[in-house]
Amino acid sequence: MSDVALNRLANIDLFEGIAPHDLAEIESACEFHPHKAGEEIFNRSTDNRDVFFVIAGRVRIVNYSVSGREVAYAEIDQGTYFGELSAVDGEPRSATIVALEDCLLGSLDQGTFLQVLRRHPECGLKVLQRMAGIIRACDERIMDLATLSAYQRVYRKLLDLMRPDPVRADSWLIYPLPTQAEIAAQASTTRETVARVLGQLGNETIVERKGKTLYIRDKDKLELLAERVSPQSQSGAN
């Protein structure tokens with residue numbers, strides 16, 4: 001085993017509980033590569049079947065509409081993995097992976113990954129549980145697209161992003177505030193719609209933006225808007 005690979009898989013959740021000598025064997029089969037922020041790791045329909053482990057940094061799973069609009073599926077944080085779907089079913093990639101920040105990734109080829117699952121059933125169970133979670137998330141997203149307006153999806157994304165204000169009790173904020181394009185990709189809408197929503201919320205003093213921070217001044221009203229939106233407020237939204 002090379003020194004480059006030493007202990008780099010120790011914090012990957014898939015391998016939690018694996019005996020040290022078994023983990024060392026898995027690491028020896030890995031390749032490790034750095035990636036710059038914004039770099040594409042692989043593209044949808046690529047024939048590569050490797051499974052990737054995020055040693056450091058974060059990546060985003062995205063797809064693109066016919067018009068070229070980005071649709072963000074999820075973000076993969078340090079300590080997790082991606083690419084298992086193609087490794088399991090042998091089909092081309094179903095999405096594109098882009099580095100959100102400078103990353104270090106480890107990779108296992110398809111054959112070795114499947115061999116690991118056969119030798120370590122606990123890892124296979126974790127992969128099944130992860131796939132079940134993906135299916136549930138997709139079901140929720142389909143329901144949102146079928147039943148919620150574009151404005152509602154943006155409201156809900158803001159609610160998902162907000163965290164308690166560490167300085168003021170009973171106050172909420174989003175920091176750092178993602179770009180309008182990033183929010184649009186996650187809410188399956190356009191940047192222009194996000195801009196309209198933020199403008200509306202600001203005019204109604206529901207939110208207040210200061211630099212890279214968005215303060216939620218009226219959480220109850222934002223939650224109400226996320227549940228019920230009048231048709232008049234949706235004119236032009238998509």
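Preceding block: the structure.
A short tour of the structure in this document, coming up. On a predicted model such as this, the values are computed, not experimentally measured, just so you know. (Residues numbered from 1 in each chain as written. Predicted model: local features only at pLDDT ≥ 70, side-chain atom pairs only at ≥ 80, totals over all residues. Heavy atoms only, no water.)

In terms of helices and strands, the protein chain carries eight helices and 12 strands. Considering only C-alpha atoms, the protein chain reaches an extent of 60 × 40 × 30 Å along its principal axes. Looking at the protein chain as a whole, 43% of its 238 residues qualify as buried. Mean positive and mean negative side-chain charge positions of the protein chain (28 and 35 charges, respectively) differ by 7 Å. (Helix = DSSP H or I, 4+ residues; strand = E, 2+ residues; numbered from the N terminus. Buried < 20%, exposed > 50% of the residue type's maximum accessible area, 1.4 Å probe, protein only. Lys, Arg positive; Asp, Glu negative; His and termini not counted. Charge placed at Lys NZ, Arg CZ, Asp CG, Glu CD.)

Helix H7 (residues 191–203) packs onto helix H6 (residues 180–187) with a crossing angle of 105° between their chain directions and a minimal axis gap of 8 Å. Our classification of the angle between H6 and H7 gives roughly perpendicular. For the pair H6 and H7, the contacting residues are Gln180, Ala181, Ile183 and Ala184 in the first and Arg191, Val194, Ala195 and Leu198 in the second. Its residues assigned to classes, the contact of H6 with H7 shows six nonpolar, one polar and one charged. (Axes fitted to C-alpha atoms, helices over the stretch in contact; angles between N-to-C directions. Parallel < 35°, antiparallel > 145°, perpendicular 65-115°, else oblique. Contact = heavy atoms within 4.5 Å. Nonpolar A, V, L, I, M, F, W, Y, C, P; charged D, E, K, R; others polar.)

This next bit is on the packing of helix H5 (residues 150–161) against H7. Close contact between H5 and H7 brings their axes to 10 Å; oriented N to C, the two are set at 70°. As the angle between them shows, H5 and H7 are arranged roughly perpendicular. Considering the relative orientation of H5 and H7, their crossing is right-handed. Along the contact surface, H5 presents Ala150, Tyr151, Val154, Tyr155 and Leu158, while H7 presents Thr193, Val194, Arg196, Val197, Leu198, Gln200 and Leu201. A class-by-class count of the residues in the contact of H5 with H7 yields nine nonpolar, two polar and one charged. (Left-handed = near helix turned anticlockwise from the far one by under 90°.)

Turning next to helix H1 (residues 20–28). Those residues of H1 lying buried are Leu23, Ile26 and Glu27. Down the axis of H1, the buried side of the element spans an arc of 100°, and every buried residue falls inside it. Taken together, the buried residues of H1 touch strand E1 (31–35), strand E8 (103–108) and helix H3 (110–119). (Arc of directions from axis to C-beta.)

Moving on, we come to the environment of Arg58. Relative to the assigned elements, Arg58 resides in the loop between strand E3 (51–56) and strand E4 (59–64). Along the chain, Arg58 and Asp165 lie 107 residues apart, while their C-alpha atoms are 24 Å from each other. In this view, Arg58 contacts Glu75, Ile76, Asp77, Ala99, Leu100, Glu101 and Cys103; residues no more than four positions away in its chain are not counted. There is a polar contact of 2.7 Å between the side chain of Arg58 and the side chain of Glu75. (Polar contact = N/O pair within 3.5 Å; in protein donor to acceptor, adjacent residues only side chain to side chain.)

Reading across from one edge, E2-E7-E4-E5 is the order of the four strands in this open sheet, with antiparallel pairing throughout. Looking along the sheet, the strands with just one partner apiece sit at the ends: strand E2 (40–42) and strand E5 (70–76). Ignoring which end each strand starts from, the neighbouring axes of this sheet average 35° apart. In this structure, E2 lies alongside strand E7 (residues 96–99), joined through two bridges in antiparallel fashion. Bridge pairing in E7 places Glu40 opposite Val98. On the sheet, H6 packs against E4 and E5 and is oriented at approximately 90° with respect to E5. (Pairing = 2+ DSSP bridges.)

In this model, Tyr175 is joined to Pro176 through a cis peptide bond whose omega is -10°. On the secondary structure map, Pro176 appears in the loop between strand E10 (172–174) and H6.

This part is about the packing of aromatic side chains. For the structure shown, the criterion picks out five aromatic pairs. Between Phe15 and Phe53 the ring centres are 5.2 Å apart and the planes differ by 55°, which places this aromatic pair in the tilted class. With Phe15 in the segment before H1 and Phe53 in strand E3, the pair connects residues that are 38 residues apart, well separated along the chain. You'll find Phe15 and Phe53 in the same group, each marked buried. Ring geometry for Phe52 against Phe82: centres 5.2 Å apart, planes inclined by 5°, an arrangement best described as stacked. Of this pair, Phe52 sits in strand E3 while Phe82 is found in strand E6 (residues 81–82), placing the two residues 30 residues apart along the sequence. The pair Phe52 / Phe82 is uniform in exposure class, with both members buried. (Phe/Tyr/Trp six-rings, centres within 6.5 Å; stacked < 30°, edge-to-face > 60°.)

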